[in-house]
Amino acid sequence: MSLTDTGDWFSDCEDITMAYQELADPERGIPPGIVPLMDRGCAMWALIDFKTADGQMWDWDPNLCCTEHALAPLGQSLAGWLTDWLNGTMHFGPYPHREFSARNCPAR
């Protein structure tokens, strides 16, 4: 993730606009105002909700269950998410609470 244009983009998408257009597909069910912020790898994305004052963070992980249940709130603001990232405590891979809830996915 880069908040400035460094010429580097770590995603299969050309830029964040392209990522938004791909994820904003109505079949994915992502509400307006939720924008991809970081490609976490393996089709997982960290997204930010620009409709909230503190920038609530969301997770997109279609690997856990199905695309219908791929989107879930993280219960964390952008400030908290960035703090975890800067402190080296950001979770890599699926979030543990998401793995637990995915066990009850009706598509399984």
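What counts, and where the lines are drawn
Residues numbered from 1 in each chain as written. Predicted model: local features only at pLDDT ≥ 70, side-chain atom pairs only at ≥ 80, totals over all residues. Heavy atoms only, no water. Helix = DSSP H or I, 4+ residues; strand = E, 2+ residues; numbered from the N terminus. Buried < 20%, exposed > 50% of the residue type's maximum accessible area, 1.4 Å probe, protein only. Areas by Shrake-Rupley, 256 points an atom, 1.4 Å probe, with all protein chains shown as cover. Salt bridge = Lys/Arg side-chain N within 4 Å of Asp/Glu carboxyl O. Lys, Arg positive; Asp, Glu negative; His and termini not counted. Polar contact = N/O pair within 3.5 Å; in protein donor to acceptor, adjacent residues only side chain to side chain. Contact = heavy atoms within 4.5 Å. Pairing = 2+ DSSP bridges.

(A) Structural detail: the overall build of the chain. A count of helical and extended segments in the chain gives 3 helices and 4 strands. When its helices and strands are written in sequence order, the chain yields α-β-β-β-β-α-α. Within the chain, the proportion of its 108 residues that are buried is 37%. For the chain, the accessible surface area stands at approximately 6700 Å², while carbon and sulfur atoms represent 56% of it.

(B) Molecular detail of the pattern of salt bridges. Under the counting rule described, the total for this entry stands at 2 salt bridges. Residues Arg40 and Asp59 are paired through a salt bridge, measuring 3.2 Å at the closest nitrogen-oxygen approach. Here the residue Arg40 occupies a position in strand 1 (residues 34-41), and Asp59 occupies one in strand 3 (residues 56-60), the gap between them amounting to 19 residues. Comparing Arg40 with Asp59 shows no difference in burial state: the two are buried. Residues Lys51 and Asp49 are paired through a salt bridge, measuring 3.2 Å at the closest nitrogen-oxygen approach. Here Lys51 falls in the exposed class, since its relative accessible area comes to 54%.

(C) A look at the side chain of Asp61. For Asp61, the location among the structural elements is in the loop between strand 3 and strand 4 (71-77). No salt bridge is formed by the buried Asp61. Its closest oppositely charged neighbour is Arg40, at 5.4 Å. A polar contact of 3.0 Å, which involves the side chain of Asp61, links it to the backbone nitrogen of Asn63. Not counting residues within four places of it along the chain, the set of residues in contact with Asp61 comprises Met44, Ala70, Pro94 and Arg98.

(D) Quick peek at the pairing of strand 2 (residues 44-49). The buried fraction of strand 2 is high, at 6 of 6 residues. With burial as the criterion, each face of strand 2 is covered, one bearing Met44, Ala46 and Ile48 and the other bearing Trp45, Leu47 and Asp49. In this sheet, strand 3 lies alongside strand 2 in antiparallel orientation, the contact comprising 5 bridges. What sits directly across from Asp49, in strand 3, is Gln56. Linking strand 2 back to strand 3 in an antiparallel pair, the connection comprises 6 residues, with Gly55 at a positive phi of about 65°.

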